[in-house]
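Next come the chains, spelled out residue by residue.
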Amino acid sequence: MLISPAYAQAASPGGSDFFVSLLPLILIFAVFYFLLIRPQQRKMKDHRALIDSLKRGDQVLTSGGIIGKITKVDETTVTVEIAKEVQVQVQRSTIADVVNKPKPGGAAPAANTNTGGGFLGKLFKK
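Every chain is numbered on its own, with residues counted from 1 as its sequence reads. Two thresholds apply to this predicted model, a pLDDT of at least 70 for residue-level local features and 80 or more for giving and counting side-chain atom pairs, whereas whole-chain, interface and lining totals are computed over all residues. Only hydrogens and water are set aside when side-chain values are computed; all heavy atoms of the structure are taken into account.

Colleague: What's the story with the pairing of strand β4 (residues 86-91) in this structure? I'm lost.
Modeller: Looking along a regular strand, one sees side chains alternate from face to face of the sheet. With six bridges connecting them, strand β3 (residues 77-83) and β4 associate as antiparallel partners. Each residue of the ladder has a partner; that of A83, found in β4, is V86. One requirement defines pairing of two strands: DSSP has to find at least two bridges between them. To qualify as a helix, a DSSP run of H or I must reach at least 4 residues; to qualify as a strand, a run of E must reach at least 2; elements of each kind are numbered from the N terminus. The hairpin formed by β3 and β4 contains two residues between the paired strands, and E85 there has a positive phi angle of roughly 60°.

Colleague: Sorry if this is basic, but what is going on with the packing of aromatic side chains here?
Modeller: Aromatic ring pairs are defined here through the distance separating the ring centres and the angle between the ring planes. Working definition: rings of Phe, Tyr and Trp (its six-membered ring) pair if their centres are within 6.5 Å, and the pair is stacked with planes under 30 degrees apart, edge-to-face with planes over 60 apart, and tilted otherwise. According to the stated counting rule, one finds two aromatic pairs in the structure shown. Judged by centre distance (5.6 Å) and plane angle (65°), the ring pair of F18 and F19 falls under edge-to-face. Given the relative accessible area of 56%, F19 is considered exposed. Here's how the labels work: a residue is buried when its accessible area is under 20% of the maximum for its type, exposed when over 50%, partly exposed in between, all with a 1.4 Å probe on protein chains only.

Colleague: Which parts of the structure should I look at to understand the nonpolar core?
Modeller: Burial of nonpolar side chains together is a common tendency in soluble globular proteins. We define the nonpolar core as a collection of buried residues of types Ala, Val, Leu, Ile, Met, Phe, Trp, Tyr and Cys that are connected through side-chain atoms lying within 4.5 Å of one another. One finds L50, I51, L54, V60, I70, V78, V80, V90, I95 and V98 forming the largest nonpolar core, which totals 10 residues. Every element with two or more residues in this core is listed here: α1 (16-52), β3 and β5 (95-100). The contact rule is simple, with two residues in contact once any of their heavy atoms fall within 4.5 Å. Sequence-distant contacts of I70, that is, excluding residues within four places in its chain, are made with L54, K55, R56, G57, D58, V60, V78, T79 and V80.

Colleague: So what exactly am I meant to see when it comes to the pattern of salt bridges here?
Modeller: For this document, the term salt bridge refers to a Lys or Arg side-chain nitrogen within 4 Å of an Asp or Glu carboxyl oxygen. Taken as a whole, this structure holds one salt bridge when the rule is applied. Note that K55 is salt-bridged to D58, the shortest N-O span being 3.6 Å. A relative accessible area of 0% means that D58 is categorised as buried.

Colleague: Help me understand the sheet that holds β4, please; the structure alone is not making it clear to me.
Modeller: As summarised here, the arrangement of the five strands in space is β4-β3-β2-β1-β5, forming an open sheet in which the pairing is antiparallel. The sheet terminates laterally at β4 and β5, the two strands that pair on one side only. Going across the sheet, the axis of each strand differs from the next one's by a mean of 45°, ignoring polarity. As defined by bridge partners, strand β2 (residues 67-73) adjoins β3 across four bridges and the pair is classed as antiparallel. Pairing of V73 across the sheet is with V78, part of β3. Orientation is described by lines fitted to C-alpha atoms, with helices fitted over the stretch in contact, and by angles between N-to-C directions that extend from 0 to 180 degrees.

Coordinates in, geometry out; function isn't part of it.
As C-alpha cells, this is what we get:
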C-alpha cells in the first residue's frame, strides 16, 4: 500500500496552551476597559453630578443647542427662559452643560483687566 498508517499523537502535558490562547482576549478586554468603558463611566458620573447641581439662575445649554436661564427646577423637568417672557420646559437629562454659573453675591463676572495678551503680548508690548 502507498498510504502509511496515521497514529494519534499523545496530548501535550499541562494546559498552558489554553492560557496562552486566552491571553490576547484578556489583553483586548483590558484595553477596551481602560480606553472606552472607564472614560464613558466617568463622563456619565460627571454629567449626573451636573444634573443634580442645577439650580435657579444657572445659564444652561441644552443638547438641542438652546441657551437659557433656569427659572424653575422640578424632579424631572427644568423650566428654562430662552427669551424675555418665553419659557420652555426641558427634561433635566437634556441639559448638556452649565454655560456660566452666577456668583453667589449675584454680581456679574468681572471683566478681564489683563491686556497683556499672554506670551505674545509680552513680546510685542507697545
